[in-house]
Amino acid sequence: MSTPSQSPRGVGRGVNTLIPQSAADQAMAALTGLETVPVHIGLLQAAALLLEDAARSAADEPARNAMARTAAMLRSAMG
(Lines give C-alpha, C1' and ligand atoms only; values in the text may rest on other atoms or scores of the structure.)
Protein backbone atom coordinates (compact mmCIF):
# COMPACT_ATOMS: atom_id res chain seq x y z
CA MET A 1 0.00 0.00 0.00
CA SER A 2 1.37 3.41 -0.88
CA THR A 3 1.35 6.44 1.33
CA PRO A 4 -0.22 9.69 0.13
CA SER A 5 3.21 11.18 -0.55
CA GLN A 6 4.16 8.21 -2.74
CA SER A 7 0.88 7.96 -4.63
CA PRO A 8 1.27 10.79 -7.18
CA ARG A 9 4.70 9.59 -8.30
CA GLY A 10 3.55 5.99 -8.63
CA VAL A 11 0.46 6.95 -10.60
CA GLY A 12 2.46 9.17 -12.92
CA ARG A 13 4.88 6.40 -13.78
CA GLY A 14 1.98 4.03 -14.50
CA VAL A 15 0.23 6.52 -16.76
CA ASN A 16 3.42 7.23 -18.69
CA THR A 17 3.70 3.56 -19.58
CA LEU A 18 0.21 3.70 -21.16
CA ILE A 19 0.98 6.68 -23.39
CA PRO A 20 3.08 5.89 -26.47
CA GLN A 21 6.34 7.86 -26.21
CA SER A 22 7.91 7.55 -29.66
CA ALA A 23 6.41 8.57 -32.99
CA ALA A 24 6.47 4.94 -34.12
CA ASP A 25 4.61 3.82 -30.99
CA GLN A 26 2.04 6.59 -31.46
CA ALA A 27 1.54 5.57 -35.08
CA MET A 28 1.05 1.92 -34.10
CA ALA A 29 -1.47 2.93 -31.42
CA ALA A 30 -3.40 4.98 -33.98
CA LEU A 31 -3.44 2.10 -36.46
CA THR A 32 -4.56 -0.32 -33.78
CA GLY A 33 -7.49 1.98 -33.07
CA LEU A 34 -8.54 1.66 -36.71
CA GLU A 35 -8.35 -2.13 -36.77
CA THR A 36 -11.69 -3.87 -37.27
CA VAL A 37 -12.39 -6.63 -34.81
CA PRO A 38 -15.50 -8.78 -34.36
CA VAL A 39 -17.58 -7.89 -31.30
CA HIS A 40 -20.64 -9.80 -30.14
CA ILE A 41 -23.72 -7.56 -30.34
CA GLY A 42 -24.68 -8.52 -26.79
CA LEU A 43 -21.49 -6.92 -25.52
CA LEU A 44 -22.39 -3.63 -27.22
CA GLN A 45 -25.94 -3.79 -25.87
CA ALA A 46 -24.69 -4.45 -22.33
CA ALA A 47 -22.16 -1.62 -22.54
CA ALA A 48 -24.82 0.81 -23.79
CA LEU A 49 -27.21 -0.18 -21.00
CA LEU A 50 -24.53 0.18 -18.32
CA LEU A 51 -23.46 3.57 -19.64
CA GLU A 52 -27.04 4.82 -19.83
CA ASP A 53 -27.69 3.69 -16.26
CA ALA A 54 -24.48 5.29 -15.01
CA ALA A 55 -25.30 8.52 -16.88
CA ARG A 56 -28.67 8.78 -15.11
CA SER A 57 -27.05 8.67 -11.68
CA ALA A 58 -23.85 10.62 -12.39
CA ALA A 59 -23.49 13.83 -10.42
CA ASP A 60 -20.72 15.19 -12.67
CA GLU A 61 -22.37 16.81 -15.71
CA PRO A 62 -19.39 16.41 -18.11
CA ALA A 63 -19.10 12.73 -17.16
CA ARG A 64 -22.86 12.26 -17.53
CA ASN A 65 -22.77 13.84 -20.99
CA ALA A 66 -19.79 11.75 -22.07
CA MET A 67 -21.48 8.53 -20.93
CA ALA A 68 -24.71 9.44 -22.69
CA ARG A 69 -22.88 10.33 -25.94
CA THR A 70 -20.86 7.11 -25.79
CA ALA A 71 -24.01 5.03 -25.23
CA ALA A 72 -25.66 6.78 -28.19
CA MET A 73 -22.63 6.02 -30.39
CA LEU A 74 -22.76 2.36 -29.35
CA ARG A 75 -26.47 2.19 -30.18
CA SER A 76 -25.79 3.85 -33.53
CA ALA A 77 -23.05 1.32 -34.28
CA MET A 78 -25.50 -1.50 -33.61
CA GLY A 79 -27.75 -0.17 -36.36
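Predicted, not measured: the structure shown is a model, and the values here were computed from it. (Residues numbered from 1 in each chain as written. Predicted model: local features only at pLDDT ≥ 70, side-chain atom pairs only at ≥ 80, totals over all residues. Heavy atoms only, no water.)

Asks: Would you take a moment to explain the pattern of salt bridges for this structure?
Replies: All told, the structure shown has 2 salt bridges when counted by the stated rule. A salt bridge links Glu 52 to Arg 75, with the shortest nitrogen-to-oxygen separation between them at 2.8 Å. In this pair, Glu 52 is assigned in helix 3 (residues 41-57) and Arg 75 in helix 4 (residues 61-78), connecting sequence segments 23 residues apart. Glu 52 sits in the partly exposed class, given a relative accessible area of 23%. Assessed through its relative accessible area of 34%, Arg 75 is described here as partly exposed. Across the pair Arg 56 and Asp 53 runs a salt bridge, and its minimum N-O distance is 3.6 Å. On the criterion of helical spacing, the pair formed by Arg 56 and Asp 53 is a turn pair, its members being 3 residues apart in helix 3. On the basis of relative accessible area, Arg 56 is assigned to the exposed category, the value being 64%. (Salt bridge = Lys/Arg side-chain N within 4 Å of Asp/Glu carboxyl O. Helix = DSSP H or I, 4+ residues; strand = E, 2+ residues; numbered from the N terminus. Buried < 20%, exposed > 50% of the residue type's maximum accessible area, 1.4 Å probe, protein only.)

Asks: Would you mind showing me how to read helix 3 here?
Replies: For helix 3, with 17 residues, the first-to-last C-alpha span of 25 Å sits near the 24 Å given by 1.5 Å per residue. All of the buried residues along helix 3 are Leu 44, Ala 48 and Ala 55. Across the axial projection of helix 3, the buried residues extend over an arc of 35°, all falling on one side. Across from the buried face of helix 3, at angles greater than 90 degrees, the exposed residues are Leu 43, Leu 49, Leu 50 and Ser 57. Taken together, the buried residues of helix 3 touch helix 4. (Expected span 1.5 Å × (residues − 1). Arc of directions from axis to C-beta. Contact = heavy atoms within 4.5 Å.)

Asks: Help me understand the packing of helix 3 against helix 4 in this model?
Replies: Helix-helix packing: each pair is described by the crossing angle between the helix axes and the interaxial distance. One can describe the packing of helix 3 onto helix 4 by two numbers: an axis separation of 8 Å at closest approach and a directional angle of 155°. In terms of their interaxial angle, helix 3 and helix 4 are classed as roughly antiparallel. For the pair helix 3 and helix 4, the sense of crossing is left-handed. Mapping the contact onto sequence places Ile 41, Leu 44, Gln 45, Ala 47, Ala 48, Leu 49, Leu 51, Glu 52, Ala 54 and Ala 55 in helix 3 and Arg 64, Met 67, Ala 68, Thr 70, Ala 71, Leu 74, Arg 75 and Met 78 in helix 4. Residue composition of the contact of helix 3 with helix 4, grouped by class: 13 nonpolar, 2 polar and 3 charged. (Axes fitted to C-alpha atoms, helices over the stretch in contact; angles between N-to-C directions. Parallel < 35°, antiparallel > 145°, perpendicular 65-115°, else oblique. Left-handed = near helix turned anticlockwise from the far one by under 90°. Nonpolar A, V, L, I, M, F, W, Y, C, P; charged D, E, K, R; others polar.)

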